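# Structural features, examined
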Amino acid sequence: MPVVGEIRKDKMVNRCNNIFFTMIPIIGFITICEMAKSEPTFPILTDVTEKAGIHFQHSFGDDQMSNIIEATGAGCVFFDYDGDGDIDIYLVNGAYIKDLSHVKGRHNEGKLMNALYRNNGDGSYTDVTQESGTGDKGFGMAAVAADYDNDGDADLWVTNWGPNVFYRNNGDGTFTNYTKEAGLENDLWGIGSTFLDYDKDGYLDLYVGNYLEYDPNYNYYYAPDHFPGPLSYHGQPDILYHNKGDGTFEDVTKQAGVYNPEGRAMGISSCDIDNDGDMDIFVANDAMENYLYQNNGDGTFTDIALETATGFGQNGEATSAMGPEFGDFDLDGYMDLMVPDMGYGCLYRNTGQGYFEEMSAQMGLAAACGQYTSWSGNFFDYDNDGYLDILIVNGDPHKVKPEEDILLWNDQGRRFVDISAQCGSDFQIDFVGRGSAVGDYDDDGDLDILILNVNDRCRLMRNDGGNKNNWLKIHTIGTVSNRDAIGARIRLTVGGITQIRDITSSSGYLSQSDYRAHFGLGQNTNVEKLEIRWPNGTVQILENIDANQVLTITEPNSKS
């Protein structure tokens, strides 16, 4: 029989246990509330495609992927073709091609074309493909736009499996196919491209990536892949076209030192990686080493991919590299490089000492991307907090099998956090993604998203809430330099922190974002200093600039 003291002890223990277990939900509730208070609230991405009047449907000419051509495209472009200050949209389509496409898709023959949508300035778009003359019916891959002849309007370059097309802007809402006259005809498989003024003569040159020699009669492959992969075919050389300044181009590939006959280019990007004032070129190759062409400043380039550690992935492997993107994600004043691929993706941090460090695992990119096939990536300040976030667009490479896209929030340069589930229900819908672009289509101060999905509708995702923080957009106009000021470096200092942007053409996979420079300012209402290094070397400084405006800046006519 237990003594009284033991009974009291047991009751005391039971009472303490009851109190403890009663307090657990209270403590849990308090903890959840505190977490909710500490976690930031992120902007919502709303699908407004149909509401905006965009009815484009991509097709590769068939219901199922049956070859590598159908699996590769396509891209999209944000650009202002009519010069009214609103960004318009160009969407690249596939085609049904006899003896290439499966016969089941023959109902698509002659019906598929690219599309141009004009921004009406009220959040809606109008299809102007027919009247503009831009409805190419080739098997489309990529597109980029720039004012190659410095006449004040944007011209349009489109790559295809088959003949590429160069549309010259007539300045009246129409375009003329100027491919032959410009000297841009070739019989290679064009893919990602970039406009840049590599020799700083004031005219935009054109680097065109080419993929591989497709052989429709080769049918040896691993059955689950459905068709042969890139290593089943010979690669093709890229082409660097020099703008002669008279409306025509010349092939200077070999003279410039960028001739590689067995390349397998996918995405192309250009910017100033070494802060020396001229534009360098990165070529993301498929299943082989990448190329990083450093501009020597004398009209030639040197491939420094191996010595800068950008030629291969994190484990020294050749990746299936897709659409490269440059951006200074850690605000150290040097352009870093992101390259989505079929594995974990690559995030190369520019050390500023002549080499890059692959940081995808340390920064959280690898964990987010490892389960997907990633094609396009965009650096953009989605919440206007001053740090570049990342959009990753995913899609199966062999089947019409949707995958979810990813949005990675930049935690002040320390890491990237996957916030995809917090961006709204529209962003959770899966598609077979390929190209993507970012731009402020509704001019409300935050960056929206455009995604090209294969064999499906495209998506225009409106950013709802990014403009709760302040912002500044810079529209640069060159006078001595090329009119688009491609190659300009902009340094913005706000709250004691400096951000940089390069004005570039290509962005993401086979695509182009709005190349007006967008800066998130956080809660700051005034920019302390804005420095523009124009492509010709002129440095222009502005101070004490109000936030929340689009600032158009014209290049001075003399160096300062």
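Calculation notes
- Note that residues are indexed from 1 along each chain, following the sequence as it is written.
- It should be noted that, the model being predicted, local features are given only for residues of pLDDT at least 70 and side-chain atom pairs only at 80 or more, the latter also being counted only at that level, while totals for whole chains, interfaces and linings use all residues.
- With hydrogens and water stripped out, all remaining heavy atoms of the structure feed into the side-chain values.
- The secondary structure listing takes helices from DSSP runs of H or I that are at least 4 residues long and strands from runs of E that are at least 2 residues long, numbered from the N terminus.
- Should any heavy atoms of two residues lie within 4.5 Å, those residues are counted as being in contact.
- Here a polar contact is taken to be a pair of N or O atoms separated by no more than 3.5 Å, where protein atoms must pair a possible hydrogen donor with a possible acceptor and residues adjacent in sequence count only if both atoms sit in side chains.
- We call a set of buried Ala, Val, Leu, Ile, Met, Phe, Trp, Tyr and Cys residues a nonpolar core when their side-chain atoms join them within 4.5 Å.
- Exposure is judged per residue with a 1.4 Å probe applied to protein chains only, and the accessible area is read against the type maximum: over 50% gives exposed, under 20% gives buried, and values in between give partly exposed.
- Start and end points for every domain follow an automatic or database-based domain assignment.
- Any two strands with at least two DSSP-identified bridges between them are counted as paired.
- Aromatic rings from Phe, Tyr and Trp, with only the six-membered ring used for Trp, were paired whenever their centres fell within 6.5 Å, and each pair was classed as stacked if the ring planes differed by under 30 degrees, edge-to-face if by over 60, and tilted otherwise.
- Remark: a charge is flagged as sitting over a ring if the NZ atom of Lys or the CZ atom of Arg is within 6 Å of the ring centre and within 35 degrees of the ring normal.

Below, the discussion takes up the environment of E528. Take E528: it is sitting in strand β33 (residues 526-533). In this structure the C-alpha to C-alpha distance between E528 and T134, which are 394 residues apart in sequence, comes to 43 Å. For E528, the contacting residues outside a window of four places in its chain are T493, V494, G495, G496, L542, E543 and N544. At 2.5 Å, the side chain of E528 and the backbone nitrogen of G495 are in polar contact. At 3.4 Å, the side chain of E528 forms a polar contact with the backbone nitrogen of G496.

Our next topic: the nonpolar core. Counting 76 residues, the largest nonpolar core has I68, W189, F195, Y207 and I474 as its most contacted members. Sorting elements by how many residues they give to this core places strand β6 (residues 139-146) first, with 5 residues. Both domain 1 (44-470) and domain 2 (471-554) contribute no fewer than three residues apiece to this core. Not counting residues within four places of it along the chain, the set of residues in contact with F195 comprises V144, A145, A146, Y148, W157, F166, L204, D205, L206, S270, I486 and S505. Core analysis: the second largest hydrophobic core is formed by 34 residues, Y90, Y117, A145 and A154 among them.

Turning next to the pairing of strand β22 (residues 374-380). Among the 7 residues in β22, 7 count as buried, and that is most of the element. Pairing geometry for β22 and strand β23 (residues 389-394), over 6 bridges, is antiparallel. Looking across to β23, one finds that N378 is bridged to L391.

This brings us to the packing of aromatic side chains. If you walk through the whole model with that rule in mind, you get 21 aromatic pairs. Relative to Y293, the ring of Y291 lies with its centre 5.7 Å away and its plane at 45°, an arrangement referred to as tilted. Both residues of the pair, Y291 and Y293, count as buried. A network of ring pairs unites the aromatic residues Y148, W157, F166, Y241 and F249 as a single cluster. Taking the ring centre of Y178 as reference, the NZ or CZ of R168 above it sits at 4.7 Å. Its guanidinium or amino end placed over the ring of Y259, K254 lies 4.8 Å from that ring's centre, counting from NZ or CZ.

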